[in-house]
Amino acid sequence: MRVLAMVGVLFVSSLSARAEEGGAWVSHLLSLPVPAAVTLCGEPVPLDREDVLERLDLELVVTLGSPVTTSLWFKRSPRFFPMIERALRDRGLPGDLKYVALVESNLRSDAVSSAGATGPWQFMPGTGSSYGLDRSPWRDQRRDWDEATRAALDHLAELREYFGSWPAALAAYNAGKSRVARAMEAQGQTDYFGLRLPRETERYVFRVIAAKLVFEDPAAYGIRLDGARRYAPEELVEVILEVQRRAMPVAAVAEAAGVSYRRFLELNPSLLSRELPRGDHRIQVPLAAEARFDLSLARWERENPEARTVYYEVRAGDTLSAIARQHRVPLADLLSWNDLTPRSIIRPGQALAVHTVD
């Protein structure tokens, strides 16, 4: 009985300590500071309007109340922000736009939304294509940091030119240009902060502002970065890989780069297939591997037999997936070899190229 009593005391003490800790955290969230003057991309945020102040306060509470996500922001930002900041300076665009990628994807190239938006800047397929982001069975440039950043900045700059303000441009980036334009016309409002929009879009711009405030003055929000484990920028170099005779296995390219297969795909997140088709490919490899990269691939070419091409005649009832299984090749490769998509229609008598190794 005495042991049980002691356990009970310890349990109650633990609950009390946790309640006190939780109460302290709630007290912290109840008093998050908001600067007297706040700007977004150089444009003032009208904090003198009570609803605007409350909307910003909400997103600060959500941001600081989600410590795991916010911690990952601070860990990843040193790796990816420098590249985005360089692109913004080159374009003469506001540095605050880097927080759009933060809010969109948590700085993850492999982020995919429930609606199908993909990559660090969360492009939908149609929008990505309209800004030159290639999608094929072997590559999706929406996942490529350089290409997606270029496209996102093009898109944001065009939206800013159309609407005349950055908050409205960011809202349109989230909800679509036509939806924001229709809302402005129907409501007689040109000011983003006075528009009624879908709830996600109404919160979106304030999430970007909250992220900016926390990053610009983390100490003000109780965040200490001294001793923090943050991810440094990687020393990478871009090389042009010319695949001339046949598809090149990604595994061979990774080995030539001196990294694992998984690591190579992390460095080149737009790649989807196990092989690179014929043509020129921009790829990222560690700086230390640049000198030996071409020699390593040349050795692989010598040591591996060239694939031969056979042509399979489509029969009634055939499907692309069944043909790929029959020849023991990945479906993505079969599509790439024949310039097809998963939705392409094949017909009896059609010849499909299949690359095999004897």
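Fair warning: this is a prediction, and the values are worked out from it, not measured in the lab.

Calculation notes
Residues numbered from 1 in each chain as written. Predicted model: local features only at pLDDT ≥ 70, side-chain atom pairs only at ≥ 80, totals over all residues. Heavy atoms only, no water. Helix = DSSP H or I, 4+ residues; strand = E, 2+ residues; numbered from the N terminus. Buried < 20%, exposed > 50% of the residue type's maximum accessible area, 1.4 Å probe, protein only. Polar contact = N/O pair within 3.5 Å; in protein donor to acceptor, adjacent residues only side chain to side chain. Contact = heavy atoms within 4.5 Å. 1 Å grid on protein atoms, 1.4 Å probe; cavity = no way out; pocket = protein on both sides within 12 Å on 5 of 7 lines; lining within 4 Å. Points joined across faces, edges and corners; volume = space filled by probe spheres on them. Nonpolar A, V, L, I, M, F, W, Y, C, P; charged D, E, K, R; others polar.

Chemist: Which parts of the structure should I look at to understand the side chain of Arg 142?
Modeler: Tracing the sequence through the fold places Arg 142 in the loop between β4 (139–140) and α6 (145–163). Judged by its relative accessible area of 4%, Arg 142 falls in the buried class. In terms of polar contacts, Arg 142 uses its side chain to reach the backbone carbonyl oxygen of Gly 116, at 3.3 Å. Side-chain polar atoms of Arg 142 contact the side chain of Asp 140, separated by 2.8 Å. Apart from the residues within four sequence positions on either side, Arg 142 is in contact with Gly 116, Thr 118, Gly 119, Pro 120, Phe 123, Met 124, Pro 125, Leu 133, Arg 135 and Ala 148.

Chemist: Sorry if this is basic, but what is going on with the layout of surface pockets here?
Modeler: The rolling of a water-molecule-sized probe over the atoms marks out the regions of remaining empty space. Its boundaries defined by the atoms lining it, the largest pocket holds a volume of some 1,100 Å³. With six residues, helix α3 (residues 67–91) is the largest single contributor of residues to the lining of the largest pocket. Looking at side-chain class alone, the lining of the largest pocket contains 15 nonpolar, six polar and 14 charged residues. Volume-wise, the second largest pocket comes out at about 600 Å³. Looking at the second largest pocket, it is lined by 29 residues, and the ones nearest its centre are Glu 104, Ala 117, Gln 122, Tyr 173 and Asn 174. Counting residues per element, the ones that place at least two in the lining of the second largest pocket are α4 (98–105), α6, α7 (166–175) and α9 (199–216). A per-class count over the lining of the second largest pocket returns 14 nonpolar, nine polar and six charged.

Chemist: Looking at this model, I keep getting lost on unusual backbone geometry. Mind explaining?
Modeler: Excluding glycine, residues mostly carry a negative phi; peptide bonds, for their part, are mostly trans. One non-glycine residue, Leu 107, lies in the positive phi region at around 60°. Relative to the helices and strands, Leu 107 is located in the loop between α4 and α5 (125–130). In the Ramachandran plot, Arg 328 falls in the positive-phi region, its phi being about 55° despite a non-glycine side chain. Within the secondary structure layout, Arg 328 lies in the loop between α13 (320–326) and α14 (331–337).

Chemist: How do you make sense of the environment of Leu 287 when you look at a structure like this?
Modeler: Its location among the elements puts Leu 287 in the loop between β8 (279–286) and α12 (290–303). Residue class for Leu 287 comes out partly exposed when judged on its relative accessible area of 43%. Beyond its immediate sequence surroundings of up to four residues, Leu 287 is in contact with Glu 235, Leu 236 and Val 237.

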